[in-house]
Amino acid sequence: MANKMSLMVPKETKPRYNSLCSDDELLDDDGCCESISDERGSWIEDFSLIPSCQNSIYLPNTGHVNAPPPREDSASTLTPVIKMGWLYKNPPQGSLIYQHRWVKLDAEYLRYFDSEKDVYSKRIIPTASITGVVNVGDLKFEVVTHNRTFLFRAESDLERNEWVMVLKDCVGAPRPQTSLDLTFNSCVASEMKGYLELRGLRSKLYTVVCLDKVFLYKNTEDYRLGIGITSIDMNVGNVKEVDRRAFDLTTPYRIFSFIADTDQLKDQWVEAMRNSIAEALSNYDVAERIWSEPSNQMCADCGAAKPEWAAINLAVVFCKRCAGEHRGLGPSISKVRSLKMDKKVWTEDLIQLFVTLGNERANQFWAANVPPSEALKVISSSEERRSFITAKYREGKYRRYHPLFGNQRELNNALCINVQSSDVCETLALVFCGADLNCDTGDPNLPSPIALAQHHGQKLQVEFLTQNRNTELPNSELKVAIDTMHYMAPPSITHNGFLFKTASMARPITEKKGKEEFSRRWCVLNDGHFSYYESDKNATPNGGLKMKEIVCLAVNPAETHGYDHTFVLYTDTERLYLFGTDNPETTREWVKSIAKSFIPVGAEDLLLKDFERIGRLRYKDGLNLETSRLAWFCLVGSNLHIRLNEHPRDETVDLQKLLELSIQPENEVLVLVERGRTLYIEGERKLDFQGWATAIQRAAGSSGDTLSQQQLTEANIPVIVERCIHFTTQYGLTSEGIYRKSGVNSKIAALLQEFRRDARCVWLKEGEHQVDDVSNVLKRFFRDIQEGLFGQQAHNWLSTTAVSDESSRVCQYHLLFSNLPRVNQATLRALVNHLYCVQRFADLNQMNLHNLAIVFGPTLFQTDGKDYNAGRVIEDLIQHYVTIFDVNEQQLKRQLDEITYIIKLRDNLNPKAGLASGDFICTVYLEEKKEMAEQHVKIPATMTAAELTFEILDRRKISVREKDYWCCFEINEKEETERPLHFQERVLPILHSLGTDSYLLVKKHFSMEAMLVYLASKVEVSKHGMMKFREERSLLGLGLSSGSFNDRYFILTNTSLRLYKEVRNLQKLQIPELQCSNRPEREWPVKCLKVYHGIKKKLRPPTCWGLTVIYESEKHDKQERQQWYLCCDTQNEMREWFATFLSIQNGGHVWPAEWLKSRAASRSAPLEARFGNVSLIPLRGSENEMRNSVAAFTADPLALFRNV
């Protein structure tokens, strides 16, 4: 109330002056206003006569410019008015006198004016800033914003209620963000903003030039809050410089005279307002259509975004700064036009020409040879722009010379041919390389290229030629000689029809797409453009592809998706498009047409093949690993055809004969190793590369169950056959009963499955694989192979045994062998050669000719063993091996000598000795280390921790229940640690590494059940969290440790353990990597870590639940070893960390699924059969001396037979 009493309240009615601010005060009638001079309307000069009201800025009523009131359809009223009318408004000072105001409400603003004829408001209140509208008292209502409240009074309750209802509806309704809404946001970029002095006012106004409007605010605070004074539409404005720092903004309704702080700022304000006027007068329709071509969204010369100018004869779009230099070339070289203001120039054909060509294709000609040092940048100076643009367009310095350059006759002939097609890019190259637009066509009815284009309905060709009738061409002199060539028109490929299409995708298709996910579309392929329409009646396409964007076409196997026949298009924008049909012939026609549209002429031979996948990739080979080169690849069955740029014919890689096939995921490279060559296929686009990698891996594997569909060696022998034969020859020729003894059925099945999955990745090793298991894998492979080794002619082989004459029978075998397929021939030859060698050493292995025939007859002929003819065939083949297979006897003798030498060498390496000399004896303790609990056990090379555990338990006759988790532990007394060995871990290497303070102990693993329960609850095996960390460091070489335990954040994944020093406080974040600093302080590969329970007490760990971690790796021929310690807060936490380590390091197999069954299997197999034919190392002396002997043998295995 005191506030209200202190206000100056007029005692009588005063003349009203027009205000530019919201606060409504009246001027004292002191004659403070003068008439506007003839030259320019003036503002109040005597500021001392204005009342001391903070919020009032007045414009004298003589300041108006005589002009008709604005039309309702003018630019100032683009937003429709929701409600308008007279209201009384209370000034913010709380005066009892209400002023009569004309109020307008639209979807964006609530404005009020002095009268209904005024154009410029006294206040703009964005509806977005209104937080509430409430009734207060009689006929009154308040409009509440974020920072202040506006009080209005209506003439009646009905009028008041209408305003309140309309305002509430407007405030509550969702509305799109418009340019005006953005203007009242200080974060939005504007052309210019700052303080300007308005003539006649004591204070400055905060002025903002944004797009096509100028906004006035009282200060920056009002600007930030979004409450403005008024807005000026610049489509009716004009800017005129007056004197040193002053300029006028003239509109039909008022003159705004501004004064800047400096001359430089005045120039900037004038330019900004003139740009705003240009923006207001602009027409965006043309610009938006031309920008629809992505390459037109960047300046053709410097790369600036959203270029608004173009050279209509050169077919390039450029920015405002480059436009000035283009004008300097003159209209005979560059006809510069604005995309926004020169609306009449932009005909439909001209717009379509720019969309079709685009800056990218135009620059393939104009900027084909720009050196990086001369390339223009957005920040380049005017001098640099002038030099570059002159060289580019006046001199043609960087253009791509047409092959016919310099041959005027052929250029003209090519132009006449090309204008009859839709290839405008080729026409551009011909014209600006010297083709004559007025050349004689040879047809009197169509005398010019333009007439030819018109006759063939090529509107874009006509438009381009018309725009260049009087263009001055670049310099046509070329210093190097060019061979004369004759022009051939590029092929025009057209195809159309209905296809079924899914939405485009940015990831590989991993699931079957049902018919309901496809939409029927009318598809048209024409002159390098593939478009699809809602139906064949529609003229506007739903979308499309340019053939130059396609990098790969893949044809799916039948019935891959809901439609039986489908194909996929991959683009260079990392999208794929799936199309389908039920008609195989329709699919074949589309595939051939599309492939022919994007495959270059030099690789067209690939189209003659029935390919599954075709496209371009980058590659490196052994001759050039520096840079990658482009090539076209075509996958047909198991053959990969490659058309290299430098070779006229394609090369073929038989994927089933590769020596190695691998993927380098870190840099997306597919490595194909064949004999004498390594090919690196690079993934330029991730989606496309994934498709190629999957397809090549599938083609390189076994593609079926027949012999020829297996992975093959260079000699056409299945890899599984060659590797089994080689292993048996190396380690099994002296094994008694080879091929008659049975191996372990589970191991045979597992090994056979590995071979079938990818035989190239299976390497048979002594110690890891048993001879009997491998020999049975070979027999089972031949028994299961479809059509058998002898194919459909097997009955002819069996009937040959009836021929009584031996020489005739051998000749018949020879004839049948020559008629076998190539792979069957090579496989049969290799197998019989192997069996021939086996029977030559029958005195050692007891497998003579007859015994081998009994085993392999039913196997190779896939009979039940009742047909004795099968055995007789095999016996004949082995006995007459040299004659039937045309074997070189000298080579056969050399092969047998080599085998004999290998056998003697192995006999010297592993001499036949008694049991005591062949055992590696080790002491193992049961449950605790004491004399009564020790057991002396022989440790073969292949013994696992589970087998050792069973051995100890069997000796003590300890029965094992289902929930008993007996385990073998490695105990280190010095470090006070222990580590449970994994059940599949080999014991012998552990013994090699044990020190004098370490031993093996078998006991129950009481934490195993809890660990298994925890791992079963995890969806993904990984862990992250805080632990206390200490690193082992050596001071002064005395072996003393230093440092203390510090909190660190750890992340354990499938590949690595990462340590982070800092953790961000992001509690809601689910991704652990994002909780940490970007780069880890330390990182270790999981495979190089050994984790032990416990920490030695002298380190004073903060908790009793600790882990000791040892990191070992070899770098640069030097072994690196680190040891550090981790402390957890609880026992459960320590158990979870250890379980995660164990699971990751062993592929998820922490404990055997059927523990008791595996024990039974281990007990049922005798030791000699279980450990194979690898002789144990004879050791003597104490336990330490025995370990030293093992270590010496590991370092130099040949030391035992130096004198052989």
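Residues numbered from 1 in each chain as written. Predicted model: local features only at pLDDT ≥ 70, side-chain atom pairs only at ≥ 80, totals over all residues. Heavy atoms only, no water.

Colleague: Go over the overall build of the chain, please, and point to the residues and values.
Modeller: Looking only at helices and strands, one finds 34 helices and 45 strands in the chain. Counting all 1204 residues of the chain, 48% fall into the buried class. Counted over contacts in the chain with a minimum sequence separation of 6, partners at least 24 positions apart contribute 60%. By element, 49% of the accessible surface of the chain is carried by carbon and sulfur atoms, the whole surface being about 60600 Å². (Helix = DSSP H or I, 4+ residues; strand = E, 2+ residues; numbered from the N terminus. Buried < 20%, exposed > 50% of the residue type's maximum accessible area, 1.4 Å probe, protein only. Contact = heavy atoms within 4.5 Å. Areas by Shrake-Rupley, 256 points an atom, 1.4 Å probe, with all protein chains shown as cover.)

Colleague: Let's hear about the pattern of salt bridges: which residues, and what values?
Modeller: On inspection of all chains with the given rule, the structure shows 44 salt bridges. Between K213 and D233 there is a salt bridge, and its shortest N-O distance comes to 3.0 Å. With K213 in strand β12 (residues 213-217) and D233 in strand β13 (residues 230-233), this residue pair connects regions lying 20 residues apart in the sequence. Residue class for D233 comes out buried when judged on its relative accessible area of 10%. (Salt bridge = Lys/Arg side-chain N within 4 Å of Asp/Glu carboxyl O.)

Colleague: Could you give an account of the side chain of H326, with specific residues and numbers?
Modeller: Structurally, H326 is set in helix α7 (residues 320-329). The contact partners of H326, leaving out residues within four places of it in the chain, are D301, L314, F318, S334, V336, I389 and Y393.

Colleague: An account of the pairing of β12 is requested, with residue identities and associated values reported.
Modeller: Within β12, 5 of the 5 residues are buried, which leaves it mostly tucked inside the rest of the structure. Burial of β12 is two-sided: the residues K213, F215 and Y217 facing one way and the residues V214 and L216 facing the other way are all buried. Hairpin geometry of strand β11 (residues 204-210) and β12 is characterised by an intervening segment of 2 residues between the two adjacent antiparallel strands and by a positive phi of about 55° at L211. Bridge count for β12 against β13 is 4 bridges, and the pairing is antiparallel. Directly across from K213, in β13, lies its bridge partner D233. (Pairing = 2+ DSSP bridges.)

Colleague: A description of the pairing of strand β27 (residues 613-621) should follow, citing residues and the corresponding values.
Modeller: As a general feature of sheets, a regular strand has side chains that alternate between the two faces. The buried count for β27 comes to 8 of 9 residues, which makes it a mostly enclosed element. Inspection of the sheet shows strand β24 (residues 550-555) paired to β27 by 3 bridges, in the antiparallel sense. Along β27, the bridge assignment pairs L553 with I614. Bridge analysis of β27 against strand β33 (residues 677-682) gives 4 bridges, and the strand direction is antiparallel.

Colleague: Now, about the environment of N556: what can you tell me, with residues and values included?
Modeller: Within the secondary structure, N556 sits in the loop between β24 and β25 (565-571). Sequence separation between N556 and R613 is 57 residues, and the spatial gap between their C-alpha atoms is 8.7 Å. A polar side-chain atom of N556 sits 2.9 Å from a polar atom in the side chain of T566. (Polar contact = N/O pair within 3.5 Å; in protein donor to acceptor, adjacent residues only side chain to side chain.)

Colleague: Any chance you could break down the side chain of K83 for me, citing the residues and the numbers?
Modeller: Within the secondary structure, K83 sits in strand β3 (residues 81-90). Side chain to side chain, K83 and E162 meet in a polar contact 3.4 Å long. Those residues in contact with K83 that lie beyond four places of it in its chain are V103, K104, L105, E159, E162, W163 and V166.

Colleague: I'd like a description of the sheet that holds β3, backed by residues and values.
Modeller: Ordered by their spatial adjacency, 7 strands build an open sheet running β6-β5-β4-β3-β9-β8-β7, and the pairing between neighbours is antiparallel. Because the sheet does not close on itself, it has two edges, and the strands there are β6 (123-126) and β7 (130-135). Strand-to-strand twist in this sheet, taken as the mean axis angle between neighbours without regard to direction, amounts to 30°. Examined bridge by bridge, β3 and strand β4 (residues 99-106) share 8 bridges and lie antiparallel to one another. For G85, the partnering residue across the bridge sits in β4 and is V103. Along the sheet, helix α2 (residues 157-172) makes contact with β3, β4, β5 (109-113), β7 and β8 (140-145), crossing β3 at roughly 125°. (Axes fitted to C-alpha atoms, helices over the stretch in contact; angles between N-to-C directions.)

Colleague: Got a sec to walk through the environment of C319? Specific residues and values, please.
Modeller: By the secondary structure assignment, C319 is in the loop between β18 (316-318) and α7. Residues C319 and W309, 10 residues apart in the sequence, show an inter-C-alpha distance of 5.9 Å. Setting aside residues up to four positions removed in sequence, C319 forms contacts with C299, C302, A304, P307, W309 and R385.

Colleague: Quick rundown of the sheet that holds β11? Include the residues and the values.
Modeller: Here 7 strands make up an open sheet; going across it, the order is β13-β12-β11-β10-β16-β15-β14 and the pairing antiparallel. Looking at strand neighbours, the two that pair on one side only are β13 and β14 (238-241), the edges of this open sheet. Each strand of the sheet is rotated relative to its neighbour by a mean of 35°, with strand direction disregarded. Sheet analysis places β14 next to strand β15 (residues 246-250), joined by 4 bridges and oriented antiparallel. Bridged to K240 within β15 is D248.

Colleague: Account for the nonpolar core, with residues named and values stated.
Modeller: Residues F790, W797, L828 and L877 are the most contacted members of the largest nonpolar core, which totals 68 residues. Of the residues forming this core, the biggest block, 10 residues, is contributed by helix α21 (residues 822-840). Counting residues in hydrophobic clusters, the runner-up holds 67 residues, among them F318, I333, L404 and A414. (Core = buried A, V, L, I, M, F, W, Y, C linked by side-chain atoms within 4.5 Å.)

Colleague: Break down unusual backbone geometry for me, citing the residues and quoting the values.
Modeller: Phi angles above zero are rare outside glycine, and E787 is one such case at about 75°. Here E787 is to be found in the loop between α18 (771-784) and α19 (794-799). Overall, E787 belongs to the partly exposed group, its relative accessible area being 47%. With a phi angle near 70°, E927 is a residue other than glycine that sits in the positive phi range. Within the secondary structure layout, E927 lies in the loop between β34 (921-926) and β35 (934-938).

Colleague: Got a sec to walk through helix α29 (residues 1008-1016)? Specific residues and values, please.
Modeller: All buried positions along α29 are accounted for by M1008, M1011, Y1014 and L1015. For α29, the angular spread of the buried residues around the axis is 125°, confining them to a single face. Exposed side of α29, more than 90 degrees from the buried face: V1013 and A1016 are the residues found there. Buried positions along α29 lie against β39 (1023-1031) and α31 (1131-1145). (Arc of directions from axis to C-beta.)

Just distances and angles here, no functional claims.
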